[in-house]
Every structure is written in C-alpha cells, then in structure tokens.
Amino acid sequence: MGALLEVKNIETYYDLIYAVRGVSLSIEEGSITAILGNNGAGKSTILKTIMGLIDDQPDKGSIEFDGRRIDGKDTEAIVRMGISYVPEGREVFEELTVRENLLMGAYTRKNRKEVAGDFDRVYRYFPVLQQRQNQWAGTLSGGEQQMLAIGRAMMSRPRLLFLDEPSLGLSPILVQEIFRIITAIHAEGVTVLLVEQNARMALKISHTAMILENGRFVLKGPSAELMEDENVKEFYMGVR
Ligand code: ATP
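Throughout this document, residue positions are counted from 1 along each chain, in the order its sequence is written. A pLDDT threshold of at least 70 governs which residues receive local features in this predicted model, and a stricter bar of 80 or more applies before side-chain atom pairs are shown or counted, although totals over entire chains, interfaces and linings include all residues. Excluding hydrogens and water, the side-chain figures rest on all heavy atoms present in the structure.

The name recorded for the chain in an unreviewed UniProt entry is ABC transporter-related protein, from Desulfosudis oleivorans. Quoted verbatim from the Sequence similarities (unreviewed entry) heading of the UniProt record, the comment on the chain is "Belongs to the ABC transporter superfamily." UniProt positions are given in the numbering used here, feature names are shortened, and annotations may be inferred rather than shown by experiment.

Written as structure tokens, this is what we have:
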C-alpha cells in the first residue's frame, strides 16, 4: 500500500527568500509523524504549502494525497478530500460562539445528521466545549481555544489531521491533556502530522519524526531512535 500523503521536492518562498527548500516526506496511513525544528525553520510553511494556503509559488515538486495530486488545488477542495489543519496560535473566531466555530469546521459537509453526530463526537473529546457551547470563543482560556481549534478541524471528518504547535503557550498540565487527546483521536483512525517545538512530547507520541533546519530535513527516523540521538538530545531537548 502506498503512503497516504506523498510530498516530493516542494519549494516555497516569501519575497524571494526560500523558506522551504526541496522538502520530501511520506506519511503512512494510521501513523503519527512529527516535524521538529527551531523557530523559523520552515515547519509551518510546509503545512501551509500542502494545504494550498500560499499563493504564487513556482511549479515545483508534487503533492499526492491518497494517490491523487493535490498541488495546485484550492484549500477547500483539499479539506473536502480529507485533510484538516489546526493553525498555530489557534485562530478561533472570537466573536462567534463555541458551537458556531465548530459548525464553521463542518462547512464542507452536507449531511446535517452526520454533522450532528460529529458535534457529539467533539464534545466527547472535549466536554468543556459542550459546557461552553453558547459562549463566545474569545472568552475561552488559551487551552480551551486550542481544544476548540482541534474540535473545529475534526468537524470536517479528516483522514489526515495537521496540527501546528498545539502545545504552544499552554501550561504543562494542559500540554499533557492536549497530547492525550491527540493520541485518542489517532486511536480512532485519524492519521496525524504534528509540528512541534516541544520535541520531548512530540517524540513520545509519534512513530516517525523529522528534523527541519533552514527549510531542509536534516534527520528522519523512528521517533524512539531520535529520542536517543545525541544531537537531538542536545539541540532539541536541552539535554547535555
Ligand atoms: P515558527 O515556529 O516560528 O512558526 P516555523 O518553523 O514554523 O517557525 P515558518 O513560520 O514556516 O517557520 O517560517 C519560515 C521562514 O519564513 C522564517 O524565516 C519566517 O520569517 C519566514 N516567513 C514565514 N511566513 C512569512 C510571511 N508570510 N512572509 C514573509 N516571510 C515569512
């Protein structure tokens, strides 16, 4: 069986400066993959490129999802095909309620009955969102907004979920909680691609990991092996 996502040799630039320089990656269905790297390495740009969120790029490389080319397609079509994206910094609609935010996540869906079932599913993962369903999203705490952003992405019923720095700015307890939920979502059959600066947690829950430096992968391998790698320990886990 081929990979669920196959990215070959993509390049992305901003204002003539390349942020991603010839990146290839392959994601197996049913896996959790982590992309690690420091600030500005280009991690978010990889996710945005795959989602079709960056305009005017050179026609280089290819991106296949489930055996079909998606490079050049618009974001809505990509979401409809089964990839969903939780951006860094949550970006919830602050002046909509929690429930309305979740409904926005279902915009590609037609079957109202199924969507109703998906609300229940999201509320099972995040009971606090049900308690706060009629509250404005802007009144939620940072951790709750992160939960809402993940819940909203789940409303499109993704086969592949992209998470950009889900632990950013959260307390250690909330970080644990978010990673526990990511594991639970994965256990229900969703393939996960995770971008993180928290290398320790990301390596713990992922099967495969890749280290990005200056827009290029410098190391790829099973997460358990990367956890033991001296360079990874020193530069990404703060161990000497
Ligand atoms: P972070 O954790 O800070 O998001 P990252 O690894 O995700 O880091 P990117 O956000 O992908 O990195 O950024 C890669 C490079 O591209 C950085 O040098 C950044 O300054 C630059 N960059 C990102 N977005 C833009 C933009 N919209 N316009 C111009 N340059 C950008």
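### Some points on the sheet that holds strand S1 (residues 5-14)
Strands were regarded as paired on the criterion that DSSP finds at least two bridges between them. The way it works is that DSSP assigns letters per residue, a run of H or I at least four long becomes a helix, a run of E at least two long becomes a strand, and they are numbered from the N terminus. Taken in spatial order, the four strands make up an open sheet running S2-S1-S4-S5, and their pairing is antiparallel. The sheet is open, and its two borders are formed by strand S2 (17-27) and strand S5 (68-69), each paired with just one other strand. With eight bridges connecting them, S1 and S2 associate as antiparallel partners. Note on S2: the bridge partner recorded for Tyr14 is Ile17. Taken strand by strand, helix H1 (residues 43-50) contacts S1, S2 and strand S4 (62-65), and its axis lies near 115 degrees from that of S1. Throughout, a contact is declared for two residues whenever any of their heavy atoms are within 4.5 Å. Comment: axis = line fitted to C-alpha atoms, over the contacting stretch for helices; angle = value between 0 and 180 degrees taken between N-to-C directions.

### Here we look at the site of the ligand
We define proximity as follows: a residue is near a molecule or strand when any one of its heavy atoms falls within 4 Å of that partner. Taken together, 13 residues are adjacent to the ligand, and Asn39, Gly40, Lys43, Ser44 and Thr45 come closest. As used in this structure description, the phrase polar contact means that two N or O atoms lie within 3.5 Å; if the pair is within protein, one of them must be able to donate a hydrogen and the other to accept it, and residues adjacent in sequence are counted only when both atoms belong to side chains. Ala41 is positioned with one of its backbone polar atoms (N or O) 3.1 Å from an oxygen atom of the ligand. One nitrogen or oxygen atom from the side chain of Thr45 is found 2.5 Å from an oxygen atom belonging to the ligand. Relative to its unbound accessible area of 620 Å², the ligand is 61% covered by the protein chains. The element that contributes the greatest number of residues to the shell around the ligand is H1, accounting for three residues. Each residue is assigned to one class: nonpolar for Ala, Val, Leu, Ile, Met, Phe, Trp, Tyr, Cys and Pro, charged for Asp, Glu, Lys and Arg, and polar for all the others, Gly among them. Of the residues that constitute the shell around the ligand, the class distribution is three nonpolar, seven polar and three charged. Shrake-Rupley sampling with a 1.4 Å probe provides the accessible areas, and residues are treated as covered by the protein chains on show and by no other component.

### Here we look at the domain arrangement of the chain
Considered domain by domain, the chain is made up of domain 1 (1-82 + 159-165 + 174-229) and domain 2 (88-157). Tallying the contact residues gives 17 residues for domain 1 and 16 residues for domain 2. Of the roughly 1,500 Å² buried at the junction of domain 1 and domain 2 (both faces included), carbon and sulfur atoms supply 65%. Throughout this description, the term salt bridge denotes a Lys or Arg side-chain nitrogen within 4 Å of a carboxyl oxygen of Asp or Glu. At the junction of domain 1 with domain 2, the criterion picks out one salt bridge. The partner of Arg121 in a salt bridge is Glu188, and the shortest N-O contact between them spans 3.0 Å. On inspection of domain 1 and its partner domain 2, the count reaches three residue pairs in polar contact (both at pLDDT 80 or more). Listing elements by their share of the side of domain 1 that touches domain 2, those giving two or more residues are helix H2 (75-81), strand S7 (160-164) and helix H7 (172-187). Top element by residues in the side of domain 1 that touches domain 2 is H7. It accounts for six residues. Class assignment for the residues of the side of domain 1 that touches domain 2 results in nine nonpolar, one polar and seven charged. Throughout the structure description, domain borders are defined by an automatic or database domain assignment. Computed with a 1.4 Å rolling probe, the buried area is the accessible surface lost when two parts are put together, summed over both parts.

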